[in-house]
Amino acid sequence: MAGLAPRVEYLAGFCCPLGGLAAGKPRVLCHGAEVFLSTGSELVYVYDREGRLLIAVYKFPGQVWHLELLALHRALYVLCARSGIYCLSLDQASRSVSRDDEDDRDDQDSEDGQVDELPAPVIPVHPDTCVLPSATLHAFTVLDDVLITLAQGPTQWKVQVFERPCPGEDPRPGGQIGEVELSTCTPPAGSLGEPTAPRFLPVLCCASPPGSRAPHGHPWGSGGVMLEGPLFGLLFGSDASLLESPVILCGLPDGQLCCVVLKTLVTSRSAPGDPKALVKILHHLEEPVIFIGALRTELPSEDVEDAYCDCLVALGHHGRALAIKASWDEAGHLVPELREYSLPGPVLCAARGRGGHVYHSTPSDLCVVDLAQESSPWDLTQRDRAPGGLPSLLCPASLSACSVVTLSVSSRAPEGGAELLALSAKGRLMTCSLDPHSETPHPTRVTSANAGQKIKELLSGIGTVSERVSSLKKAVDQRDKALTCLNEAMNVSCALLSSREGPRPISCTISTSWSRLQLQDMLTATCLLENSSGFSLDRGWALCIQVLRSSQALDLDSAVSAITYTIPVDQLGPGGQREVTLPLGPGEDGALDLPVTVSCALFYSLREVVGGALALTDPFKDPPSNECTPDVLPEQEGVCLPLSEHTVDMLQGLRFPGLAAPHTQALGPLSPARDPVHTFLGTCCGPVSQPAGPASLRAKYLPPSVATIKVSAELLRATLGDSHAGVSLCCATLQWLLAENAAADIVRAQALSSVQGVAPDGTDVHLIIREVAVTDLCPAGPIQAMEIQVESSSLANMCRAHHAIVGRLQRLVTEQAARGSSPPDLRLQYLHQIQANHETLLREVQTLRDRLCTEDEASSCTTAQRLLQVYRQLRSPSLLLL
């Protein structure tokens, strides 16, 4: 092969998906000047090499997996995924394309042969052309008057033989002749139980003995070979030789290479026997079989008219090759010689050529290996050489083409040379011509014509190599970046998950404050993200802030609404901070429903970081199936690491305008925002009467809603400790309740025991802390306690403030109970009496609520007033928190 000089010429370009074509599905066949091509989609193209134009495009109902051409019958057999086998009469189809369309295509044909826009008519394939409907077929081949298929069942592969249908009046198959089950298989399961498209398809090949009735050189289909008698008998046994029966060779995705004698399979229906006796396993490659073929490796004798193939070859996806020949042993007996080779992989496609050549494509190159020998193994004088004449090592020779996903050997080749028809991963149809005499040195005069051609070939080769290098470099860079980001994300995740106790390396602190936004007072939450770790938060990281609120915070049956803000974290290195401020309310209606829960979490997007590297998989690399990427990534598409959670309640949402220093009066009016024009007109008109709305009337004529809670003074002192030394316990308790409010420093500076604040809707909320003595609870004497009283003209705001105080006291009691403190002795009879009184009040509430549903308007007013009185008694219990 040293004299081979490859010359690559591009013919046309075809549409391909993003990332390039995947090997295994595309097919290319050539017959004379016609090229039949499938890219693995639902389209089959017919291309004219001489005219360099697209003749027709056939559209099938699904992906096309395999093509076979019967040139003598002008019939094209097509396997369509999950549909079956279709048979097209090329003569009839060509007559359906008008000459006017062909003239128009001549005008549209460009110099570079690009056919991406499909200038030829697209011909939908009629359902009547489906000669064998089946959703389980994965491979087929045509042999004389029979159609051989390979179907995938739930657990096993099945070989079936049908009478070959012909395009014509009745294209349906005449009937099934025989079938046999092969080895077990495991179909890939898709979503919702639907099977996914297989990554590797099985391979079928028919091997015939020399006595078959088909003329040599005119195989029935594109998958048939004829073997020499000795090799045929050694491989398949004497029964197949005596019957002169073709043998079906099956290469399976699990690596098995098995065979079935066709005539025994046909007769097994009339005389059924053991199905396992019909199947013979020749070898196991332990990797998906992608090619089965036969070669002539020896020079034929001069008195032999027909030279049959003397070597059976099988090729695996990862580069394992198998060659079998008939050879002599030391005793002079014929024995099968089997040799395994290791070729560079992964192997995308392969084809057999003349002179013992096998062409195969890898992601980076198109190569050829030579199994031919100069001497014949039947020459008994040459028995001192290696048995069988197979080379001990195969050395692939490069043909200077890359990313070839399907390959076919053309019959239009010079004497001693070869011409390959190939389809690249980019959808380019090209020829690779091998001329053994082009490198013979002889002085020639360089003309402008051949110099230009030589330069054109060099530039084409440089462009191909440059494209391959650029694509490989891009893929490597993407994967390096993705691996670096994943390693950093793993470090950050481990640091956060291992520091549940104590300070966290990455924290998010949440605080609230009031600010003026767009002429309206707005309660805002400020989230401060601090990176105290030694790692950086780069691409893929985002800070997710969820604001969870309820339209009616105290109604358990109300609908809960949540808003999630996603803020990308860009280049937050060690020691860095990122501050985000979000509005909490009020909304356009002036209402702010409290409490509001603000949750912060770090989210790492695997889709953003890893998905790009998978989507840009180099087409020269082992092409994955289209279903690979979704299976690699998890369903949630990322990793979520919770940081903190903060509840904003009424005590944090209160404002205290009477306490603010003069220089801090930055906020506007505390009522909901008004239109500036209305404000101006109201100022010009002078003082007006007080508004008579429902809120004003309730505040003027109805007493405020009140709720009280009594807490043991000893419990509060144990909780507050020395942090509030120097002030009374009443002042310290108020400061503790308002510690998370923006006005906490002002309350602390003025040492107040009562304060009047304003709720977000503008109504007043009064907090009063006083010291009381509880005398009837403990037999040892009075218990000193703090009474926390909440007053508001708005019942809803009073309930929200009461709920916030109860939540703080619950946490306080839980912490003290964990420390092991015990309450003093209590009078149980007094406690039982209080409980009984509360149960009586609760029963009265239920009765009054039932009465409201049945009474008229006049009677319901009295009932409603009594119901409010009972609620007031329930909100001021005589119990004491100890």
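For clarity, every value in this text was computed on a predicted model and none was experimentally measured.

A. Structural detail: the pairing of strand β22 (residues 320-328). The element β22 is largely enclosed, with a buried count of seven among its nine residues. The loop that links strand β21 (residues 311-316) with its antiparallel partner β22 comprises three residues; one of these, Gly319, has a positive phi angle of about 105°. Across nine bridges, the pairing between β22 and strand β23 (residues 334-342) is antiparallel. Along β23, the bridge assignment pairs Ala326 with Pro336.

B. Inspection of the nonpolar core at higher detail. With 72 residues, the main nonpolar core has Leu529, Trp541, Leu602, Leu767 and Ile805 as its most contacted residues. Among all residues touching Trp541, those that are not within four sequence positions of it are Ala489, Val492, Ser493, Pro568, Val569, Leu602, Phe603, Tyr604 and Leu641. The next biggest cluster of nonpolar side chains, apart from the first, holds 26 residues, and it includes Leu235, Phe236, Leu312 and Ile324.

C. Region of interest: a nonpolar patch on the surface. On the surface, Ile455, Leu458, Leu459 and Ile462 cluster together to form a nonpolar patch covering roughly 420 Å² of accessible area. Along the polypeptide, Leu459 turns up in helix α6 (residues 448-497). For Leu459, a relative accessible area of 56% translates into the label exposed.

D. Representation of the packing of aromatic side chains in the model. This model, assessed by the stated rule, comprises five aromatic pairs. Aromatic pair Phe14 and Tyr47: ring centres 6.4 Å apart, planes at 80°, arrangement edge-to-face. Residue Phe14 is located in the loop between β1 (5-13) and β2 (27-31), and its partner Tyr47 is located in strand β4 (residues 43-48); the two are separated by 33 residues in the primary sequence. We note that Phe14, like Tyr47, is buried. Pairing Trp541 with Tyr604 gives two aromatic rings, centres 4.8 Å apart and planes at 50°, and the pair type is tilted. One end of the pair, Trp541, is in strand β33 (residues 541-550); the other, Tyr604, is in strand β36 (residues 596-605), with 63 residues separating them in the sequence. Every member of this aromatic cluster is reached through a ring pair, and the members are Phe14, Tyr45 and Tyr47. Over the ring of Tyr10 we find Arg428, and its NZ or CZ is 5.3 Å from the ring centre.

E. Expanded view of the sheet that holds β2. Taken in spatial order, the five strands make up an open sheet running β2-β3-β4-β5-β9, and their pairing is mixed. Both outer strands of the open sheet, β2 and β9 (122-124), are each paired with one neighbouring strand and no more. Across the sheet, the axes of successive neighbouring strands diverge by a mean angle of 20°, strand direction being ignored.

F. Examining the sheet that holds strand β13 (residues 156-163) more closely. Reading across the sheet, the four strands line up as β11-β12-β13-β14 and stay open at both edges, with antiparallel pairing between neighbours. Two strands lie at the open edges of the sheet, namely β11 (137-143) and β14 (176-184), each paired on one side alone. In this sheet, adjacent strand axes meet at a mean angle of 15° when their direction is disregarded. As paired elements, strand β12 (residues 146-152) and β13 share seven bridges and run antiparallel to each other. Paired with Gln152 across the two strands is Trp157, which belongs to β13.

Thresholds, definitions, all that
Residues numbered from 1 in each chain as written. Predicted model: local features only at pLDDT ≥ 70, side-chain atom pairs only at ≥ 80, totals over all residues. Heavy atoms only, no water. Buried < 20%, exposed > 50% of the residue type's maximum accessible area, 1.4 Å probe, protein only. Helix = DSSP H or I, 4+ residues; strand = E, 2+ residues; numbered from the N terminus. Pairing = 2+ DSSP bridges. Core = buried A, V, L, I, M, F, W, Y, C linked by side-chain atoms within 4.5 Å. Contact = heavy atoms within 4.5 Å. Patch = residues over 30% accessible without salt bridge, like charges linked within 9 Å, V, L, I, M, F, W, Y side chains within 5 Å. Areas by Shrake-Rupley, 256 points an atom, 1.4 Å probe, with all protein chains shown as cover. Salt bridge = Lys/Arg side-chain N within 4 Å of Asp/Glu carboxyl O. Phe/Tyr/Trp six-rings, centres within 6.5 Å; stacked < 30°, edge-to-face > 60°. Lys NZ or Arg CZ within 6 Å of the ring centre and 35° of its normal. Axes fitted to C-alpha atoms, helices over the stretch in contact; angles between N-to-C directions.

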